[in-house]
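Examination of the molecular architecture
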Amino acid sequence: MATFASGGRCISRPFAQALLNTLRQQTRPTSRRFLLTASCADPANGLGEEQRQIQKMALDFAAKELAPNMQEWDEKEIFPVETMRKAAQLGFGAVYCDEKFGGTGLSRLDASVIFEALATGCCSTTAYISIHNMCAWMVDHFGNDELRSQWVPRLASMDTFSSYCLTEPGAGSDAASLSTTARKDGSHYVINGSKAFISGGGESDLYVVMCRTGQAGPAGVSCILVEKGTPGLSFAKKEKKLGWNSHPARIVNFDDCRVPVTNLVGEEGQGFSIAMKGLNGGRINVASSSLGAAYAALEQARDYMKIRKQFGKSLENFQYLQFRLAEMATQLVASRLIVRNAAVALDSQDPNAVALCSMAKLFATEECFKICNSAMQIFGGYGYLKDYPVQQYMRDCRVHCILEGTNEIMRMLVSRDLLTER
Ligand SMILES: Cc1cc2nc3c(=O)[nH]c(=O)nc-3n(C[C@H](O)[C@H](O)[C@H](O)COP(=O)(O)OP(=O)(O)OC[C@H]3O[C@@H](n4cnc5c(N)ncnc54)[C@H](O)[C@@H]3O)c2cc1C
């Protein structure tokens, strides 16, 4: 009979299966007990009453609508359109857009609280919602009233999904070297080039595209909207990814793709600045998604330590694991504070906001990844099985160290701030 090792003993497969089933029942994401509520790691700590209510709404949505599905969406690579539209009904489609055209009108701090809460249920789906929010804000903040009235209501309801198109096959970290061109031809721009790794590519309805309308470097870049279905717009195959599987990433190609000049967001030559300003908020959002993944992983590791017995005691009795849990909670709270600090800096237009957002993204995405990895370790071999969500939180938040500016680029931005003579 097939066996596998458990606590140094060999046990039979039926017994092991029964144990596994019990553990699965007890630690399934849907049965999470949120034991850390009111603890030192509670994300409600430090928030006002209204923010707590918003947070509760997002946590409830995450527990009811996201967590029960996150495994299936990951395995089957499902883009959960209807669930995201339900999230939009709660105001999560355009969280920090102006209410004038249907945005929710909340602050960056509120948005961080919401994305952290949503990510406890599915980090990948939350990350896509956060990119969509970044695009909605770029249109709302820099677009003229015609563009805003045309797009913001549809983005807020998520009837229209959006993607952010900056990266190219030859221009990643050095995004200002991008080579996709937009040539003016009468009342149209004719766009040619390719964008790489576009989250939502092929599924999204609106593409916020940074392309070159002028000279080399950042000053020659403009931001132009391209609708799905425009002749000349096409999508390459879906990329196979380690995580973030509930939304696709594709190369997006532009081949003599003609769009009206009225699709220009802001002025010609402002595109790079618009893209970077979008990313300041994007970095807080993606870091907040990491916080949610780490919080969920910490909770599940904590619950597991209470039920898993080895050497005749539950794991919670081993001091090494107690200390590890304490370190994880400390990393989480420090990450949350630096993210919320950056969100407040962005809200108050602090002159150091760029560096503070970069610091927050650098610190929180790396620490939260470590927390998820530690949680997986606490689960032992079970943590490595796809039956348990902890590995998915780890896979999903790993990419946050890479995208929206790699963490090496975050270090560059912080050191540039420090070394600038004022
Ligand atoms: C799953 C996924 C989804 C994504 N979604 C989007 C999206 O929706 N829209 C979009 O526009 N982009 C998206 N991206 C692209 C992402 O932003 C880029 O991958 C990222 O900016 C890095 O670019 P690159 O991959 O070309 O790496 P490179 O720029 O080639 O970097 C390679 C390595 O060199 C390091 N490096 C580069 N320059 C320096 C330097 N000066 N000093 C020190 N180290 C340096 C980098 O940090 C990295 O470690 C996505 C990527 C992934 C993986």
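Below or above, wherever it landed, is the structure these notes cover. Treat the numbers as computed from the prediction; the structure is a model and nothing was measured. (Residues numbered from 1 in each chain as written. Predicted model: local features only at pLDDT ≥ 70, side-chain atom pairs only at ≥ 80, totals over all residues.)

1. Quick look at the pairing of strand E5 (residues 188-199)
Cut-off, in case you're wondering: Paired strands are those between which DSSP finds at least two bridges. Under the DSSP-based scheme used, a helix requires at least four consecutive residues in state H or I and a strand at least two consecutive residues in state E, with every element numbered from the N terminus.
Note that strand E4 (residues 181-185) and E5 share five bridges and pair antiparallel. Paired with Ala 182 across the strands is Ile 191, a residue of E5. Between E4 and E5, which pair antiparallel and follow one another directly, the connecting turn spans two residues, one of which, Gly 186, has a positive phi of 65°. The pairing of E5 with strand E9 (residues 249-260) spans nine bridges and is antiparallel. In the strand pairing of E9, Ile 191 is matched with Cys 257.

2. Notes on the site of the ligand
Here is the rule: Using a C-beta atom placed from the backbone, a residue is described as near a molecule or strand when that atom lies within 6 Å of it. Each domain's extent is set by a domain assignment, obtained either automatically or from a database.
Taken together, 23 residues form the shell around the ligand, and within it Gly 172, Ser 173, Phe 197, Thr 406 and Glu 408 come nearest. If you list the elements that add at least two residues to the shell around the ligand, you get strand E3 (162-165), E5 and helix H12 (407-419). Domain assignment of the residues forming the shell around the ligand places at least three in each of domain 1 (11-32 + 275-419) and domain 3 (162-272).

3. Quick word on the environment of Glu 77
Test applied: Using C-beta atoms placed from the backbone, we call a residue buried if 20 or more other C-beta atoms fall within 10 Å of its own, exposed if 12 or fewer do, and partly exposed for counts in between.
When you line up the elements, Glu 77 lands in the loop between helix H3 (70-76) and helix H4 (81-89). Taking the number of C-beta atoms within 10 Å as the measure of exposure, Glu 77 has 15 and is therefore partly exposed.

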